[in-house]
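Working through the structure, step by step
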Amino acid sequence: MNKLDTKTRCTILNMLVEGSSMRSISRITGVSINTVSKLLVDAGEACAAYHDETVRNVNAQRVQCDEIWSFVYAKDKNVKTAKAAPDGAGDVWTWTAIDADSKMILSYEVGDRSAATAIEFMDDLCARLANRVQLTTDGHKAYLEAVEGAFGGDIDYAMLVKLYGDLGGKTAERKYSPAECTGIKKRAVEGRPDMAHVSTSYVERQNLTMRMGMRRFTRLTNGFSKKLENHLHMLSLYFVHYNFVRIHKTLRMTPAMAAGVSDTLRDMEWIVGLIDARAPAPKKRGPYKKRNQENSN
């Protein structure tokens, strides 16, 4: 079976996590778009498995959670009239939980913005923590039941609710710019959270990093995901690269090293190694059969 060399695969994966589109990667590296797509699938599956196995029993003190919007194939309002819309088409929300100290992404969930997705997200986050933490979320009501169900009373939980002003008028500024934040409200929900550390600044900055680092999250372009599966694979690759490969400029180490999950600085060749480790072993070739001379004539 033909197989790309390690250097080419590293180049493709590096371009993916730096926000290049799949077709531009195909043109630059000289490989087919199907090869780029196949490598993304393999990398996504390997990274998802590694994150699930490795990011466990994390000692964190302060955790921040937020959701970021994107869409697959078409926005919700256009799915009904879209031609051949695949399963999973429409608005997609990515829920993320970040350790405010190590900046490590502890958990992520992809789905809608419903209470059901919030419950799955909080259950996963709880299973990855080794100790009681202080948790901060925004004012989304779905968090209330989800946090209570996952942690019970074993958490210091607070909500940070932002108050926005109205820009007024149906102008381009109102359509493409966020409303002006006029104030915030901090609300203790469970336990005894330190109100001085009730913040979602780090996770919101991480959401911006995601938009800058993944073409699929860029606004007002045609680089959005066309399949939900590829959207998930790109997220899995991005989060493992962010946690284990990319050096945080402030910490001067990777988030995984800062969190004590890893003691080694990884590189993209290591991710390629994760892919190869999951690849099935080549099958033995069957016995050679001699051609029948009489039949061949």
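Structure shown above.
To keep things clear, this report deals only with the structure shown in the data block. Remember, predicted model here, so these are calculated numbers, not experimental data.

1. Observations regarding the pattern of salt bridges
Two side chains of opposite charge can pair, provided their charged atoms sit close to one another. Summed over all chains, the structure comprises eleven salt bridges. In this structure, the salt-bridge partner of Asp42 is Lys38, at a minimum N-O distance of 2.8 Å. Of this pair, Asp42 and Lys38 both sit in helix α3 (residues 33-54), separated by four residues, roughly a single helical turn. Put simply, Asp101 and Arg62 hold a salt bridge, and the shortest N to O gap is 2.6 Å. Placement of Asp101 in the loop between β2 (90-99) and β3 (105-111) and of Arg62 in strand β1 (residues 62-72) is noted, with a sequence separation of 39 residues between them. For Asp101, a relative accessible area of 36% gives the class partly exposed. A network of salt bridges, in which partner residues are shared, links Asp52, Arg56, Asp124 and Arg128.

2. Side note on the side chain of Lys103
Relative to the helices and strands, Lys103 resides in the loop between β2 and β3. Look at Lys103: it is buried, it has no salt bridge, and the nearest opposite charge is Asp101 at 6.0 Å. Polar side-chain contacts of Lys103 include one of 2.9 Å to the backbone oxygen of Ala100. Not counting residues up to four positions away in its chain, the partners in contact with Lys103 are Ile98, Tyr202, Tyr242, His248, Leu251 and Pro255.

3. Remarks on helix α5 (residues 115-128)
Spacing of three or four residues puts side chains on the same side of an α-helix, whose turn is 3.6 residues. The end-to-end C-alpha distance of α5, which contains 14 residues, comes to 20 Å, matching closely the 20 Å that a straight helix rising 1.5 Å per residue would cover. Within α5, burial applies to Thr117, Ala118, Phe121, Met122, Asp124, Leu125 and Arg128. Viewed end-on, α5 has its buried residues packed into an arc of 160 degrees, placing them on one side of the element. Residues of α5 that are buried in the fold lie against α3, β1, β2, β3, β4 (134-137) and α6 (142-151).

4. What to know about the nonpolar core
Of all hydrophobic cores here, the largest spans 69 residues; its most connected members are Leu13, Val63, Met122, Leu125 and Leu237. Element by element, the count of residues in this core is highest for helix α9 (residues 228-245), at nine residues. The residues contacting Leu125, other than those within four sequence positions of it, are Val63, Cys65, Ala97, Leu106, Ser107, Leu135 and Phe151.

Conventions used here
- Residues numbered from 1 in each chain as written.
- Predicted model: local features only at pLDDT ≥ 70, side-chain atom pairs only at ≥ 80, totals over all residues.
- Heavy atoms only, no water.
- Salt bridge = Lys/Arg side-chain N within 4 Å of Asp/Glu carboxyl O.
- Helix = DSSP H or I, 4+ residues; strand = E, 2+ residues; numbered from the N terminus.
- Buried < 20%, exposed > 50% of the residue type's maximum accessible area, 1.4 Å probe, protein only.
- Lys, Arg positive; Asp, Glu negative; His and termini not counted.
- Polar contact = N/O pair within 3.5 Å; in protein donor to acceptor, adjacent residues only side chain to side chain.
- Contact = heavy atoms within 4.5 Å.
- Expected span 1.5 Å × (residues − 1).
- Arc of directions from axis to C-beta.
- Core = buried A, V, L, I, M, F, W, Y, C linked by side-chain atoms within 4.5 Å.

Nothing here speaks to function; it is geometry throughout.
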